[in-house]
Amino acid sequence: MCNLSRLRSMALDSSGKQSEQQQPQQQPRVAPGIGEAGLKLRRIPNEEHEPESYEDLELDFDPALYSSLERHLPEQLLNSSRLDKARYMRDILHRYCPVTERVRIQRHREYRQKIVSSYQRLHEEIYSLDASSFFAPSFLEAVSGKSEESFKNTFVQSKSGIFTFEMLKPRFCEMLLAEVEHMERWVYDSRSTIMRPNTLNKFGVVLDDFGFESMLQKLVDDFISPIAKVLFPEVCGTSLDSHHGFIVEYGKDRDVDLGFHVDDAEVTLNVCLGKQFSGGELYFRGVRCDNHVNSESIEEEVYDYSHVPGHAVLHRGRHRHGARATTAGHRVNLILWCRSSTFRDMKNFQTEFSGWCPGCKRDRQNRQQASIKATTEVLKRRAAEKVLAELASRSSAN
Ligand SMILES: [Fe+2]
Ligand SMILES: [Zn+2]
């Protein structure tokens, strides 16, 4: 059984946030008249509006952030030119984004540019999504079926909220493994210092920093988001609009195990790429909100999963988990933390999550029981007072 007091969220370092694109080409021009006083952002995003892509512009913030924010623009601006919208949103972001955050984003952009300008790719073909050569036929078939039933037949719910399935073809796993080794050789040979995926993993690489960002976001948009909408409706009624994609490595001279934690993600995809290994099982202990993250788990929540190369686990980021020691060999996994800005915005207005957190649900039941008990007490007291009043009036009449 894991030690609950060790549980912590994977706080991301600066490499972990979605922030930059690598090859900016154009500066948004200044357009008069837009962004003047009187125009307010919508609190609820316009889900019917299809936002533009800002990836080719030279921006101070993550282009994905602009696309997400576009859904909050006032109606009058939605049909403005893309550059006018970008300028309007840039002004807003500058007003609310602290200078330190802007500096962090700028440094991370420079860091990525440095990698992309000098790293020579080994397998160029895996940097663009090619579904038929990446994915196992059963996975492709389930997603192309697009019915709830086809999803549920393929994505087996091994335990409440934990779905396992075959996903990647062996050839793709081999190519990605070779690419990761190639990246590590480059880091060593060029004496570069790279940012690790998060505060818990001391080995591994952030794929987004090496040029995989748009391929992985397409994987989220075209595959993970539609699946997650069906499997996790409580978080993915709104789409997953950003991600953090990375590789973790376990074994001799790598990380050994991973402590009990939750991910900085709405939905996590974890796929084993290989190679030969023993141990390294994932252990799960139930979904919890921030307030209940250290509460005890119940027996039905206890689940262990053994990795199989090419096979994936899909779970809520808030599903508490850890990885046991990889006792022999070398295990490499691809992890994709999928995030929803809309879910995060909505979460800021909520104080309890009884829809998905058993801790909140139990607190709510306790409050309801306490309320029923208090109401019953009041009713009993009033009934007694009524009887006493009647007795008193009868005795005074006599
Ligand atoms: Fe994790
Ligand atoms: Zn809770």
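What counts, and where the lines are drawn
- Residues numbered from 1 in each chain as written.
- Chains lettered and ligands numbered in written order.
- Predicted model: local features only at pLDDT ≥ 70, side-chain atom pairs only at ≥ 80, totals over all residues.
- Helix = DSSP H or I, 4+ residues; strand = E, 2+ residues; numbered from the N terminus.
- Buried ≥ 20, exposed ≤ 12 C-beta atoms within 10 Å, placed from the backbone.
- Contact = placed C-beta atoms within 7 Å.
- Core = buried A, V, L, I, M, F, W, Y, C linked by C-beta atoms within 7 Å.
- Pairing = 2+ DSSP bridges.
- pLDDT = per-residue confidence, 0-100.
- Expected span 1.5 Å × (residues − 1).
- Arc of directions from axis to C-beta.

**With respect to the overall build of the chain**
- Each helix and strand counted, the chain has 12 helices and 13 strands in total.
- Burial status across the chain gives 35% buried among its 398 residues.
- In the chain, 84% of the contacts between residues at least 6 apart in sequence involve partners at least 24 apart.

**What about the nonpolar core?**
- Ile224, Ala228, Val267, Leu336 and Cys338 are the most contacted members of the largest nonpolar core, which has 57 residues in total.
- Sort the elements by how many residues they give to this core and helix 9 (residues 213-231) lands first, with eight residues.
- In terms of nonpolar packing, the next biggest core, distinct from the first, is built from nine residues, Tyr54, Leu65, Leu69 and Met89 among them.

**Quick notes on the pairing of strand 11 (residues 311-316)**
- Where burial is concerned, most of strand 11 is hidden: five out of the six residues are buried.
- Relative to strand 11, strand 3 (residues 162-166) is paired through five bridges, and the arrangement is antiparallel. Paired with Glu166 across the strands is His311, a residue of strand 11.
- As paired elements, strand 7 (residues 267-274) and strand 11 share five bridges and run antiparallel to each other. Counted as the bridge partner of Val267 is Arg316 from strand 11.

**Overview of the confidence of the model for the chain**
- Averaged over all residues, the pLDDT of the chain equals 86, while 89% of them reach at least 70.
- Across residues 1-37 the pLDDT falls below 50, and counting only partners more than four positions away or on other chains, this stretch makes 86 contacts in the model.

**Digging into the environment of Ser242**
- For Ser242, the location among the structural elements is in strand 5 (residues 242-251).
- On a C-alpha basis, the gap between Ser242 and Trp337 in space is 8.5 Å, while along the polypeptide they are 95 residues apart.

**Observations regarding the environment of Arg71**
- Position of Arg71 among the secondary structure elements: in the loop between helix 1 (63-70) and helix 2 (75-78).
- Arg71 sits 27 residues away from Ile44 along the chain, and the two C-alpha atoms are 8.5 Å apart.
- Among all residues touching Arg71, those that are not within four sequence positions of it are Pro45, Asn46, Glu47, His49 and Pro51.

**Re helix 1**
- Of all eight residues making up helix 1, seven are buried, and the element is well covered by its neighbours.
- The set of residues buried in helix 1 consists of Pro63, Ala64, Leu65, Tyr66, Ser68, Leu69 and Glu70.
- Those residues of helix 1 hidden inside the fold are in contact with helix 3 (82-96), strand 5 and helix 11 (341-347).

**Here's the deal with helix 4 (residues 99-118)**
- In this model, helix 4 (20 residues) spans 29 Å end to end at C-alpha, consistent with the 28 Å of a helix rising 1.5 Å per residue.
- Buried residues of helix 4: Ile105, His108, Arg112 and Ile115, and no others. Seen end-on, helix 4 carries its buried residues on one side only, within an arc spanning 90°. For helix 4, exposure combined with an orientation more than 90 degrees from the buried face picks out Val99, Thr100, Val103, Glu110, Ser117 and Ser118.

**Here's the deal with unusual backbone geometry**
- For the bond running from Gly274 to Lys275, omega is -10°, close enough to zero to count as cis.
- Along the polypeptide, Lys275 turns up in the loop between strand 7 and strand 8 (277-279).
- One non-glycine residue with positive phi stands out, namely Arg191, at about 55°.
- Considering the arrangement of structural elements, one finds Arg191 in the loop between helix 8 (170-189) and strand 4 (205-206).
- Judged by the 6 C-beta atoms lying within 10 Å of it, Arg191 falls in the exposed class.
- A positive phi is found at Asp253, a non-glycine position, where the angle reads about 65°.
- On the secondary structure map, Asp253 appears in the loop between strand 5 and strand 6 (258-262).

**Some remarks on the environment of Thr342**
- Its place among the elements puts Thr342 in helix 11.
- In this structure the C-alpha to C-alpha distance between Thr342 and Leu240, which are 102 residues apart in sequence, comes to 8.5 Å.

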